[in-house]
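Single-letter residue listing:
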Amino acid sequence: MKPTRPFHQTPVITIDGPTASGKGTVAASVAATLGFHLLDSGALYRLTALASARYNIEPEDGDALAELVAELHITFREGCAQLDGVDVSTEIRAEEIGNRASAIAVHGQVRTALIARQRAFRKPPGLVADGRDMGTVIFPDATLKVFLTASDEARAARRHKQLIQKGFSANMEDLLRDLRERDARDSNRAAAPLKPAVDAKTLDTSGLSIDQAVDQIIGWFNAVPA
Ligand code: CDP
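Residues numbered from 1 in each chain as written. Predicted model: local features only at pLDDT ≥ 70, side-chain atom pairs only at ≥ 80, totals over all residues. Heavy atoms only, no water.

Novice: What is the right way to read the site of the ligand from this model?
Specialist: Residues in close proximity to the ligand total 20 residues, the closest being Thr19, Arg46, Arg111, Arg182 and Asp186. One of the side-chain N or O atoms of arginine 189 is found 2.9 Å from an oxygen atom in the ligand. A total of 510 Å² of accessible area belongs to the ligand in isolation, and the protein chains cover 96% of it. Put simply, the parts of the chain that give the shell around the ligand at least two residues each are helix H2 (41–54), helix H4 (95–104) and helix H8 (172–188). At four residues, H2 tops the list of elements feeding residues into the shell around the ligand. (Near = heavy atom within 4 Å. Polar contact = N/O pair within 3.5 Å; in protein donor to acceptor, adjacent residues only side chain to side chain. Areas by Shrake-Rupley, 256 points an atom, 1.4 Å probe, with all protein chains shown as cover. Helix = DSSP H or I, 4+ residues; strand = E, 2+ residues; numbered from the N terminus.)

Novice: What exactly am I supposed to notice about the sheet that holds strand S3 (residues 74–77) here?
Specialist: The pairing of strands in a sheet happens through backbone hydrogen bonds and is either parallel or antiparallel. Pairing is antiparallel across the open sheet formed by three strands, whose spatial order is S3-S4-S5. Unpaired on one side and paired on the other, S3 and strand S5 (86–87) mark the two borders of the sheet. Bridge count for S3 against strand S4 (residues 80–83) is four bridges, and the pairing is antiparallel. Note on S4: the bridge partner recorded for arginine 77 is cysteine 80. Contacts from H2 reach S3 and S4, with the element oriented near 35 degrees to S4. (Pairing = 2+ DSSP bridges. Contact = heavy atoms within 4.5 Å. Axes fitted to C-alpha atoms, helices over the stretch in contact; angles between N-to-C directions.)

Novice: Mind showing me how you'd approach the side chain of aspartate 130 here?
Specialist: Counting through the fold element by element, aspartate 130 comes out in strand S6 (residues 127–131). The residues touching aspartate 130, leaving out its near neighbours within four places in the chain, are Ile15, Lys23, Gly24, Ala27, Leu39, Asp40, Ser41 and Gly42.

Novice: Can you help me understand the packing of helix H7 (residues 152–165) against H8 in this one?
Specialist: In helix packing, the relevant descriptors are the interaxial angle and the interaxial distance, both defined with respect to the helix axes. Close contact between H7 and H8 brings their axes to 9 Å; oriented N to C, the two are set at 115 degrees. Relative to H8, the crossing made by H7 is right-handed. Mapping the contact onto sequence places Asp152, Glu153, Arg155, Ala156, Ala157, Arg159, His160 and Leu163 in H7 and Met172, Leu175, Leu176, Leu179, Arg180, Arg182 and Asp183 in H8. (Left-handed = near helix turned anticlockwise from the far one by under 90°.)

Novice: Before we go on, may I ask you to explain the nonpolar core in this structure?
Specialist: As a rule of thumb, soluble globular proteins bury nonpolar side chains together. Of all hydrophobic cores here, the largest spans 32 residues; its most connected members are Leu39, Leu47, Leu83, Ile92 and Phe139. If you list the elements that add at least two residues to this core, you get H2, helix H3 (62–71), S4, H4, helix H5 (108–119), S6 and helix H6 (134–138). If we skip the residues at most four places from it in the chain, leucine 39 touches Leu44, Gln118, Phe121, Leu127, Val128, Ala129, Asp130, Met134 and Phe139. Formed by 18 residues, the second largest nonpolar core is a distinct cluster that contains Leu144, Val146, Leu203 and Val214. (Core = buried A, V, L, I, M, F, W, Y, C linked by side-chain atoms within 4.5 Å. Buried < 20%, exposed > 50% of the residue type's maximum accessible area, 1.4 Å probe, protein only.)

Novice: What should I look at first to understand the packing of aromatic side chains in this one?
Specialist: Each pair of aromatic rings is reported with the distance of its centres and the angle of its planes. Applying the stated criterion to the full structure yields two aromatic pairs. Relative to phenylalanine 121, the ring of phenylalanine 76 lies with its centre 5.8 Å away and its plane at 65 degrees, an arrangement referred to as edge-to-face. Here phenylalanine 76, found in strand S3, pairs with phenylalanine 121, found in the loop between H5 and S6; they are 45 residues apart in sequence, far enough to count as distant. In this structure phenylalanine 76 comes out as partly exposed when scored by relative accessible area, which is 35%. (Phe/Tyr/Trp six-rings, centres within 6.5 Å; stacked < 30°, edge-to-face > 60°.)

Novice: How should I be thinking about the pattern of salt bridges in this particular structure?
Specialist: A pair can form between side chains of opposite charge whenever their charged atoms are brought close. Counting across every chain of the model gives 15 salt bridges. The partner of aspartate 133 in a salt bridge is arginine 111, and the shortest N-O contact between them spans 2.9 Å. Linking aspartate 133 in the loop between S6 and H6 with arginine 111 in helix H5, this pair joins segments that are 22 residues apart in sequence. You'll find aspartate 133 and arginine 111 in the same group, each marked buried. For aspartate 186, the salt bridge goes to arginine 132, with nearest N and O atoms at 3.1 Å. Highlighted residues: aspartate 186 in helix H8 and arginine 132 in the loop between S6 and H6, separated in sequence by 54 residues. Each of the two residues, aspartate 186 as well as arginine 132, counts as buried. The structure contains a network of salt bridges with shared partners spanning Asp152, Glu153, Arg155, Arg180 and Asp183. (Salt bridge = Lys/Arg side-chain N within 4 Å of Asp/Glu carboxyl O.)

Novice: I'm lost on a negative patch on the surface in this one. Help?
Specialist: Residues Glu58, Glu60, Asp61, Asp63, Glu67 and Glu71 make up a contiguous surface patch of negative charge. Among the residues examined, glutamate 71 registers a relative accessible area of 68% and is labelled exposed. (Patch = residues over 30% accessible without salt bridge, like charges linked within 9 Å, V, L, I, M, F, W, Y side chains within 5 Å. Lys, Arg positive; Asp, Glu negative; His and termini not counted. Charge placed at Lys NZ, Arg CZ, Asp CG, Glu CD.)

Novice: Any chance you could explain the sheet that holds strand S2 (residues 37–40) here in plain terms?
Specialist: Sheet architecture is open: five strands sit in the order S2-S6-S1-S7-S8, paired in parallel fashion. Each edge of the open sheet carries a strand with a single partner, namely S2 and strand S8 (201–204). This sheet shows a mean twist of 20 degrees between the axes of neighbouring strands, independent of strand direction. Looking at chain direction, strand S7 (residues 144–149) and S8 are connected through four bridges and run parallel. From the neighbouring strand, threonine 149 faces S8, where its bridge partner is aspartate 204. This element, helix H1 (residues 23–34), spans strand S1 (12–16), S2, S6 and S7 of the sheet and lies at about 180 degrees to S6. This element, H2, spans S2 and S6 of the sheet and lies at about 45 degrees to S2.

As far as function goes, none of this settles anything; it's purely spatial.
Below, the structure is given as structure tokens:
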């Protein structure tokens, strides 16, 4: 049994990586296993993207988007993401919203406006946070930092399965092209580019089941000295 850490050291496990690397599923499972809170930071970018589409704010207009973030009424309840009190969990998973989220995520003002909302998720007994910059920018003092990767083909196949299960239509060629475009944009942007933190452990999930990836991360976490 690990000794309990003081409040300000509430443990955080960050799980970053490219699109469809399995971060979301793995993070949710690690959080459930440890009884920790969960931050799906991508959902915040997707919610912002959805709201910007509704209010006709152009993805290029960083200042207007940052103002929008300050006013967004977002709640997460029992795994559901709500915008203005309405469950939009399925709507934000559409590929067009993911692509729009990636386009608005390039703006430093938008990223800064989202920082406090993300850090507020750090509460006892602990947090698992998934995204692109959890270990590099949002929780640089995280207890454990993981960078998940998988081959382009494995990621496109996973995304395909996920979209079909949610009732969206999808085609492998388009998905492969979209995910490569999104990787390039996420990795090459100036503000918080997608890259492993220097102290992150990299895990290639191409040939791993979800359970194997989760077991590896829990093993690493339990091995961190208290
Ligand atoms: O599901 P997928 O991994 O494709 O995306 P997501 O985690 O839901 O995030 C959607 C988009 O938001 C990503 O393509 C990123 O451009 C952006 N994002 C980000 O910039 N920083 C984060 N911490 C999380 C997401």
